[in-house]
Amino acid sequence: MKPVQADAAIPDKGSSKPQSKWLRWAAVFVCLGVLLGLGLALQKRPLPDFSAMKSPTLAEFASLQKPIFAVPVEDAENPIIAVFFGALSQDIVEVSVVFSDEDHPLSLIDVLYDSYRWNFAWKREADVESFHLCFPKGHRAGTSPSSISFPTTFAGVQRFDETLVTHFSAELPYDEFHKEDQRPVIYVQTWNHLYSNRSGGGVSNWKMISDYRELRGTRQDVEKLFRR
Ligand SMILES: [Ca+2]
């Protein structure tokens, strides 16, 4: 009679147990991570008191042809709450637009992304996106910019509801912008508020925002306000 080879015949129950155990633990950690994220998300920080801040009064800002913003009607829940103007040099004015929030097209990602921004990245739920009005060297007050520069805030041809958005950079001649009352029109093309000089992104309904709270400060100043 041939002897039974016990090792070969018995199913390897022992090796599957640790594997399922690890999977269970991984699931627990993922759930805890999500719950932590959601919990932290509830700790929204209040907005800085913009109403207590004074509007820019310096001559270089008074004569500025301030931009008009074209915003998608479908992004109406995230309005512009303030626009900061700050001189980076004699020839460059930085414009930082503060939106109340930004909403990713996928709701679950939006919740997690909001939490990440509030608690870890920028300490704010508001979205701030900046661009530069670039003037000719030695310009006088009232002169139009020669170009507008978008450092990592240019949308390119991306759609409003792009799920994975790329931050492009571009500097465009001032002539390539539409004007209304001699003011340049900046299109807010994507859900995370990247800009363009033309109507695009699959957006058909735009709302023109020409009156907004104007404040004085560079992007650096804005970030300091939120980190207080
Ligand atoms: Ca959001």
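In this text the structure is predicted, and so the values were computed from the model without any measurement.

1. Comments concerning the overall build of the protein chain
When helices and strands are tallied, the protein chain shows five helices and 11 strands. Looking at the protein chain residue by residue over its 228 residues, the buried ones come to 27%.

2. What about unusual backbone geometry?
One non-glycine residue with positive phi stands out, namely Thr-152, at about 65°. Topologically, Thr-152 is positioned in strand β5 (residues 147–154). The phi dihedral of Gln-182 is positive, around 65°, even though this residue is not glycine. Tracing the backbone shows Gln-182 in the loop between β7 (179–180) and β8 (183–188).

3. As for the environment of Leu-64
Structurally, Leu-64 can be placed in the loop between α3 (59–62) and β1 (68–72). Counting along the chain gives 21 residues from Leu-64 to Phe-85, while the straight-line C-alpha distance between them is 9.8 Å. With residues up to four places along the chain from it excluded, the contact list for Leu-64 reads Phe-85 and Val-93.

4. Topic: the confidence of the model for the protein chain
For the protein chain, mean pLDDT is 85; residues scoring 70 or higher make up 82% of the total. Within the model, the stretch residues 1–15 combines pLDDT values under 50 with one contact to residues more than four positions away or in other chains.

5. Things to note about the environment of Cys-134
Structurally, Cys-134 can be placed in strand β4 (residues 127–134). On a C-alpha basis, the gap between Cys-134 and Gln-90 in space is 9.5 Å, while along the polypeptide they are 44 residues apart. When near neighbours in sequence (up to four residues on either side) are disregarded, Cys-134 contacts Asp-91, Ile-92, Pro-145, Ser-146, Ser-147, Ile-148 and Ser-149.

6. Comments concerning the pairing of strand β2 (residues 80–87)
Sheet analysis places β2 next to strand β3 (residues 92–99), joined by seven bridges and oriented antiparallel. Each residue of the ladder has a partner; that of Ala-82, found in β3, is Val-98. Counting the residues in the hairpin turn of β2 and β3 gives four residues. Where β2 and strand β11 (residues 214–216) come together, three bridges link them in parallel fashion. Considered in β11, the bridge of Phe-84 is made with Leu-215.

7. Some remarks on the nonpolar core
Formed by 31 residues in total, the largest nonpolar core has its most connected members in Phe-69, Val-95, Val-98, Leu-133, Val-188 and Tyr-195. Those elements that provide at least two residues to this core are β1, β2, β3, β4, β5, β8 and α5 (219–226). When residues in this core are grouped by element, the largest group, five residues, is from β3. What Phe-69 contacts, discounting residues up to four positions off in sequence, is Ile-80, Val-97, Ile-186, Val-188 and Ile-209.

Reading the values: rules and limits
- Residues numbered from 1 in each chain as written.
- Predicted model: local features only at pLDDT ≥ 70, side-chain atom pairs only at ≥ 80, totals over all residues.
- Helix = DSSP H or I, 4+ residues; strand = E, 2+ residues; numbered from the N terminus.
- Buried ≥ 20, exposed ≤ 12 C-beta atoms within 10 Å, placed from the backbone.
- Contact = placed C-beta atoms within 7 Å.
- pLDDT = per-residue confidence, 0-100.
- Pairing = 2+ DSSP bridges.
- Core = buried A, V, L, I, M, F, W, Y, C linked by C-beta atoms within 7 Å.

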